[in-house]
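Coordinate inspection notes
Each chain, letter by letter, is given below.
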Amino acid sequence: MFMLPDLVGYLAATLTTVSFLPQAIMTVKTRDTSSLSLGMYSMFTLGVLLWLIYGIYLSNLAIIAANAVTFLLATLILSFKIYNMLRK
């Protein structure tokens, strides 16, 4: 049975992860990363990876699931950003 803190955690994880989808979809569709900051996305992706590792240490499924998905999306966007920068 879910407790209120678990429900809040899963809701927060779902909302923050889903909020990242529009940027990922737009980047994949347009391949345009000119307005994205390499520094910001690098730090963000590393931060999400560290949250994922933290969730694994705690065995907290909400933290693990949300950050695994967000890490994949952030890595995809960061990859496009780096690729576009190297291409220029």
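Residues numbered from 1 in each chain as written. Predicted model: local features only at pLDDT ≥ 70, side-chain atom pairs only at ≥ 80, totals over all residues. Heavy atoms only, no water.

Naming follows an unreviewed UniProt entry, where the chain appears as Glutathione synthetase of Methylomonas lenta. Turning to the chain, the UniProt record has this under Subcellular location (unreviewed entry): "Membrane". (UniProt positions renumbered as here; feature names shortened; annotations may be inferred.)

**Points about helix 2 (residues 38-58)**
In a regular helix each residue adds 1.5 Å, so 21 residues correspond to 30 Å; helix 2 covers 30 Å between its end C-alpha atoms and thus fits that length. Taken together, the buried positions of helix 2 are occupied by Tyr41, Thr45, Val48, Leu52 and Gly55. For helix 2, the arc enclosing every buried residue in end-on projection is 80 degrees, short of the 170-degree limit, so these residues lie on one face. When the buried face of helix 2 is taken as reference, the exposed residues oriented beyond 90 degrees from it are Met43, Leu50 and Tyr57. Structurally, helix 2 contributes buried residues whose contacts are with helix 1 (4-30) and helix 3 (61-87). With a side-chain oxygen lying 3.4 Å from the backbone nitrogen of Gly39, the N-terminal cap of helix 2 falls on Ser37. Of the residues flanking the end of helix 2, it is Ser59, one or two places downstream, whose phi is positive at about 55 degrees. (Helix = DSSP H or I, 4+ residues; strand = E, 2+ residues; numbered from the N terminus. Expected span 1.5 Å × (residues − 1). Buried < 20%, exposed > 50% of the residue type's maximum accessible area, 1.4 Å probe, protein only. Arc of directions from axis to C-beta. Contact = heavy atoms within 4.5 Å. Polar contact = N/O pair within 3.5 Å; in protein donor to acceptor, adjacent residues only side chain to side chain.)

**Focus: the packing of helix 1 against helix 3**
Between helix 1 and helix 3, the shortest axis-to-axis distance is 9 Å and the interhelical angle comes to 15 degrees. Of the possible angle classes, the one that applies to helix 1 and helix 3 is roughly parallel. Regarding helix 1 and helix 3, the two cross each other, and that crossing is left-handed. Contacts between helix 1 and helix 3 pair Gly9, Tyr10, Ala13, Thr17, Phe20, Leu21, Gln23, Ala24, Thr27 and Val28 from the former with Leu61, Ala62, Ala66, Val69, Thr70, Leu73, Ala74, Leu76, Ile77 and Phe80 from the latter. (Axes fitted to C-alpha atoms, helices over the stretch in contact; angles between N-to-C directions. Parallel < 35°, antiparallel > 145°, perpendicular 65-115°, else oblique. Left-handed = near helix turned anticlockwise from the far one by under 90°.)

**Digging into the UniProt feature "transmembrane region" (unreviewed entry) in the chain**
Those residues carrying the UniProt feature "transmembrane region" (unreviewed entry) are residues 7-26, 38-57 and 63-83 in this numbering. Counted over residues 7-26, helix gives 100% and strand 0%. Its end C-alpha atoms are 30 Å apart. Taken end to end, residues 38-57 is 100% helix and 0% strand, and its two terminal C-alpha atoms sit 29 Å from one another.

**Details of the packing of aromatic side chains**
Taken as a whole and judged by the stated rule, the model has 4 aromatic pairs. Residues Phe20 and Phe44 carry aromatic rings whose centres are separated by 5.2 Å and whose planes lie at 20 degrees to one another, so their mutual orientation is stacked. Taken together, the residues span a long stretch of sequence, with Phe20 in helix 1 and Phe44 in helix 2 at a distance of 24 residues. Phe20 sits in the buried class, given a relative accessible area of 11%. Residue Phe44 is classed as partly exposed on the basis of its relative accessible area, which comes to 27%. Site record: aromatic cluster; members linked through ring pairs are Phe20, Tyr41 and Phe44. (Phe/Tyr/Trp six-rings, centres within 6.5 Å; stacked < 30°, edge-to-face > 60°.)

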